[in-house]
Amino acid sequence: MQLDLKTIEALAPDQASLSAASKLTKRSNWPRLETNEQLGLIWGECQGSGSNPYRVAFDTGDHGYKCTCPSRKFPCKHILGLMWIGATAPASFDRVDQTPDWVNDWLGRRRKPGQPPAQAPARAEGKSIDEAARPEESAPVEDAAAAERREAAQRKRAEDTRSAVSAALDELDQWIADQLRLGLAGFVDACSERCRRIAARLVDLKATALAGRIDELPARLMALRGEEKPDAAIRELGKLVLLAKAWRATPDDAELKRLVSTSETREQALANPDAVQVESDWEVLGEKIETRRDGLVSHATWLLDLKSPTPRFAVLLDFFPASAGRRSGAFAPGDRFKARLVFYPSRNPLRALVAERLGDAAAAAWPAFTGQTAGDPLAAYAAFQDGAPWLSDCPVILPAGVIALDEKDGAWWQAAGDPHGIALPLAGSVNQTLLGLDLAATAALWNGARLELLASQSNMGRLDLS
């Protein structure tokens, strides 16, 4: 590894990038750091503000680099931070002979045979790595009176937020009553305009998360057949009523605050002593990427615990502006890795953070889960709804089955061995090659009306269906 701090200083676009990179040199920011010394490569995963870490790679020979973050500065602070660790703490990198697929993909697109090593660019004025590494001056000690004023201001803001959210839920109740009074048929026809108005009002009253959910309701209804829309609308309105009642009963409940107003930060979730932590082997089942009406992209990565005797899932949820363009995820469907996950406190813990990456896990078939799929494939969904009836998507593992089409070309999952047994309609279209294929087990999301396929195990191996 041939890196020195002068090279990093010369490559940095500005002093601000160097200062930001200096804060990323802590080992705890990097769940994964690896090097292939024969190829002169270092790479790692840097945990940003989202749930998925950024993938960062650097070629120590020609100073080429790659990062999945949306920064418009090149190289970004993550690249500089990776180089900084490489220059000052090379022992932090695990030495491996193989490079992961995402590094290979990057190399395949950029490397040219016979390309000579790059020379470090000349040092630019106005940048100093010594200045970036210098500890920030400690803040003056706050006196007791100032601390009391600050805490009082925080309490006042919390009380104001609670009052505003309570008023938002009152308006929501009135809005739902108006929709029922005017008739569901009219609501379905005009839901886009009506939902947009109440969503804007909820944002004004600090019920931001709830506003986002209502803003997405028209899109969910549009994906259904005409005869299904009234039932789906009444179910969703009923869930909103239950959520509002639950929040009024326990406004300090972490899960309810997350669904109604705002979510806790990553640091708060990791520091929560009540958060469930699970160290296991995980497989990436699939991704669900949606562009929302508020201009954000929701990127959900669904994981399956491969060591749990019963199906256990986790979802890594990330949000970023749609204007930033498509962002590469830290994981690809089918990836397997060992990690310690921290779950956000919830009645049905699903949303999680990768607290520590512990290496790769060997590829193999899914374990033979017992207990839940033998009788009712949707038993997990029933339990999920009993605990939190305001939630929608529930991950399930379905037993052996096939994909078939009905007379209207609608796609269904049908349990195997019983043509008159349970059948569940699928969301969207399906690949024609899946029709009639024997699926030994299928991972999917069930929202009470449609099944979204994530992955299946078949006699052809693992199938990525997301």
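Residues numbered from 1 in each chain as written. Predicted model: local features only at pLDDT ≥ 70, side-chain atom pairs only at ≥ 80, totals over all residues. Heavy atoms only, no water.

Caption draft 1: Local environment of the nonpolar core. In terms of nonpolar packing, the biggest core is built from 72 residues, with Leu-172, Phe-187, Leu-210, Leu-285, Trp-366 and Leu-451 touching the most fellow members. For this core, the element with the highest residue contribution is helix α11 (residues 229–249), accounting for eight residues. Once residues within four sequence positions are removed from consideration, Leu-172 is found in contact with Ile-198, Leu-210, Ile-214 and Leu-240. (Core = buried A, V, L, I, M, F, W, Y, C linked by side-chain atoms within 4.5 Å. Buried < 20%, exposed > 50% of the residue type's maximum accessible area, 1.4 Å probe, protein only. Helix = DSSP H or I, 4+ residues; strand = E, 2+ residues; numbered from the N terminus. Contact = heavy atoms within 4.5 Å.)

Caption draft 2: The sheet that holds strand β5 (residues 94–95), seen in detail. The strand order across the open sheet built from five strands is β4-β3-β2-β1-β5, with neighbouring strands paired in mixed fashion. Each edge of the open sheet carries a strand with a single partner, namely β4 (65–67) and β5. Bridging between strand β2 (residues 41–46) and strand β3 (residues 54–59) involves six bridges; their strand directions are antiparallel. Across the sheet, Trp-43 pairs through a bridge with Ala-57, a residue of β3. Packed on one face of the sheet, helix α3 (residues 77–88) meets β1 (32–36), β2, β3 and β4 and runs near 55° to β3. Packed onto the sheet, helix α4 (residues 101–110) meets β2, β3 and β4 and runs at close to 50° relative to β3. (Pairing = 2+ DSSP bridges. Axes fitted to C-alpha atoms, helices over the stretch in contact; angles between N-to-C directions.)

Caption draft 3: Layout of the pairing of strand β9 (residues 336–343). Within β9, six of the eight residues are buried, which leaves it mostly tucked inside the rest of the structure. By the bridge criterion, seven bridges tie strand β6 (residues 277–291) to β9 in an arrangement that is antiparallel. Note that in β9 the partner of Val-278 across the bridge is Leu-341. Two strands pair when backbone bridges link them, and β9 and strand β10 (residues 352–360) are joined in this way by seven bridges, in the antiparallel orientation. By the bridge assignment for β10, Leu-341 is matched with Val-354.

Caption draft 4: Region of the structure containing unusual backbone geometry. Although it is not a glycine, His-63 adopts a positive phi angle of roughly 65°. Take His-63: it is sitting in the loop between β3 and β4. Even without glycine at this site, Asp-409 takes up a positive phi of about 65°. Within the secondary structure layout, Asp-409 lies in the loop between β12 (401–405) and β13 (411–415).

Caption draft 5: Focus on the pattern of salt bridges. By the definition in use, this model includes 33 salt bridges. With a closest N to O distance of 2.8 Å, Arg-248 and Asp-173 form a salt bridge. Remark: Asp-173 occurs in helix α6 (residues 144–182) and Arg-248 occurs in helix α11; sequence separation between them is 75 residues. What emerges from the salt-bridge pattern is a single network uniting Arg-32, Glu-34, Glu-45, Arg-55, Asp-335, Arg-357 and Asp-360. (Salt bridge = Lys/Arg side-chain N within 4 Å of Asp/Glu carboxyl O.)

Caption draft 6: Representation of the packing of aromatic side chains within the structure. Applying the stated rule across the entire model yields three aromatic pairs. Ring centres 5.8 Å apart and planes at 75° place the aromatic pair Trp-175 and Phe-187 in the edge-to-face group. A residue pair is termed long-range when its members are at least 10 positions apart, and Trp-175 in helix α6 and Phe-187 in helix α7 (residues 184–189) qualify at twelve residues. Judged by its relative accessible area of 10%, Trp-175 falls in the buried class. On the accessibility criterion, Phe-187 (0% relative accessible area) is buried. Plain terms: the ring middles of Phe-331 and Phe-337 are 4.6 Å apart, the flat faces sit at 10° to each other, and that makes the pair stacked. With respect to class, Phe-331 is no different from Phe-337; both count as buried. One cation-aromatic arrangement involves Arg-351 over Tyr-344; the distance from NZ or CZ to the ring centre is 4.5 Å. (Phe/Tyr/Trp six-rings, centres within 6.5 Å; stacked < 30°, edge-to-face > 60°. Lys NZ or Arg CZ within 6 Å of the ring centre and 35° of its normal.)

Caption draft 7: Spotlight on helix α2 (residues 15–22). Those residues of α2 that sit buried are Gln-15, Ser-17, Leu-18, Ala-21 and Ser-22. Buried residues of α2, seen end-on, are gathered within an arc of 160° and therefore sit on one face of the element. Next to the buried residues of α2 lie α1 (5–11), α3 and α5 (129–133). Taking the backbone nitrogen of Ala-16 as reference, a side-chain oxygen 3.3 Å away marks Asp-14 as the first, capping residue of α2. (Arc of directions from axis to C-beta. Polar contact = N/O pair within 3.5 Å; in protein donor to acceptor, adjacent residues only side chain to side chain.)

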